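Residue strings, one per chain:
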Amino acid sequence: MRKLLLFLFLSVATVFQASATDYKYLIFQQADGTRQSFGVSGLKLTFSGGNMLVEQNGTTTTFPLSELSKMFFSEEATGIKQLPTEEQVGTVVYSLSGVRMGVFASPAEMQQKLPQGVYVMKKGDQTVKLNIK
């Protein structure tokens, strides 16, 4: 219980401290080193039953507090790559919450049909994040 209260206090202190600066992303890092980025616009954090719930655009992502090592604000999302080249056709794109957004034949089609945001792009056995601005 003490750890949870300390975590909540530090989380709130971080939010208030960072609100003075215009950061674009909140990054969550799990104990295994994996990171997940969320745009700060419309982001809502709640805590329930030992979990942190991150809500954005009607989608909720759950992080067990025991597996969360840190969270921090950043100007850039983690692991974002440039748009794919023309030879990467037939690419499946997912939202960060795992919703399949579609299969795209070219980077131009992706950019035209997807709204701004961070996505997961999968082709064959290769998976990368991409940012569409």
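Above this text sits the structure in question.
Residues numbered from 1 in each chain as written. Predicted model: local features only at pLDDT ≥ 70, side-chain atom pairs only at ≥ 80, totals over all residues. Heavy atoms only, no water.

What follows deals with the packing of aromatic side chains. Applying the stated rule across the entire model yields four aromatic pairs. Summarising the aromatic geometry, the rings of Phe-28 and Phe-38 are spaced 5.6 Å apart at their centres and angled 75 degrees between planes, so their arrangement reads as edge-to-face. Here Phe-28 is found in strand β1 (residues 25-30), whereas its partner Phe-38 is found in strand β2 (residues 35-39), with ten residues between them in sequence. Like Phe-38, Phe-28 is buried. (Phe/Tyr/Trp six-rings, centres within 6.5 Å; stacked < 30°, edge-to-face > 60°. Helix = DSSP H or I, 4+ residues; strand = E, 2+ residues; numbered from the N terminus. Buried < 20%, exposed > 50% of the residue type's maximum accessible area, 1.4 Å probe, protein only.)

Let's shift gears to the pattern of salt bridges. On inspection of all chains with the given rule, the structure shows one salt bridge. With a closest N to O distance of 3.1 Å, Lys-113 and Glu-109 form a salt bridge. You can see Lys-113 and its partner Glu-109 sitting in helix α2 (residues 107-113), four residues apart, about one turn around the helix. (Salt bridge = Lys/Arg side-chain N within 4 Å of Asp/Glu carboxyl O.)

Judged by pairing direction, the sheet is antiparallel, and its three strands sit side by side in the order β2-β1-β6 without closing on themselves. If you trace the sheet from one side to the other, it starts and ends with β2 and β6 (68-74), each paired once. Each adjacent strand pair in this sheet contributes to an overall mean axis angle of 20 degrees, direction not counted. (Pairing = 2+ DSSP bridges. Axes fitted to C-alpha atoms, helices over the stretch in contact; angles between N-to-C directions.)

Before going further, it helps to examine the environment of Leu-43. Structurally, Leu-43 is set in the loop between β2 and β3 (44-48). In the structure, Leu-43 is positioned 13 residues away from Gln-56 in sequence and 5.0 Å away in space, judged by C-alpha atoms. With sequence-adjacent residues up to four places away left out, Leu-43 is seen in contact with Leu-26, Phe-38, Val-54, Glu-55 and Gln-56. (Contact = heavy atoms within 4.5 Å.)

Taken in spatial order, the three strands line up as β3-β4-β5 in an open sheet, and their pairing is antiparallel. A single partner strand is all that each edge strand has here, and the edge strands are β3 and β5 (59-64). Across the sheet, the mean angle separating the axes of adjacent strands is 25 degrees when strand polarity is ignored. Alignment of β3 against strand β4 (residues 51-56), held across five bridges, turns out to be antiparallel. Residue pairing for β4: Ser-48 is matched across the bridge by Asn-51.

Next up on the list: the pairing of strand β8 (residues 91-95). Summarising burial for β8: four of the five residues are buried, a large majority. In this sheet, strand β9 (residues 100-104) lies alongside β8 in antiparallel orientation, the contact comprising four bridges. The partner of Val-92 across the bridge, within β9, is Val-103. Following β8, the chain reverses through four residues before pairing antiparallel with β9; Gly-98 in that reversal takes a positive phi of roughly 95 degrees. Bridge count between β8 and strand β10 (residues 117-123): four bridges; the pairing is antiparallel.

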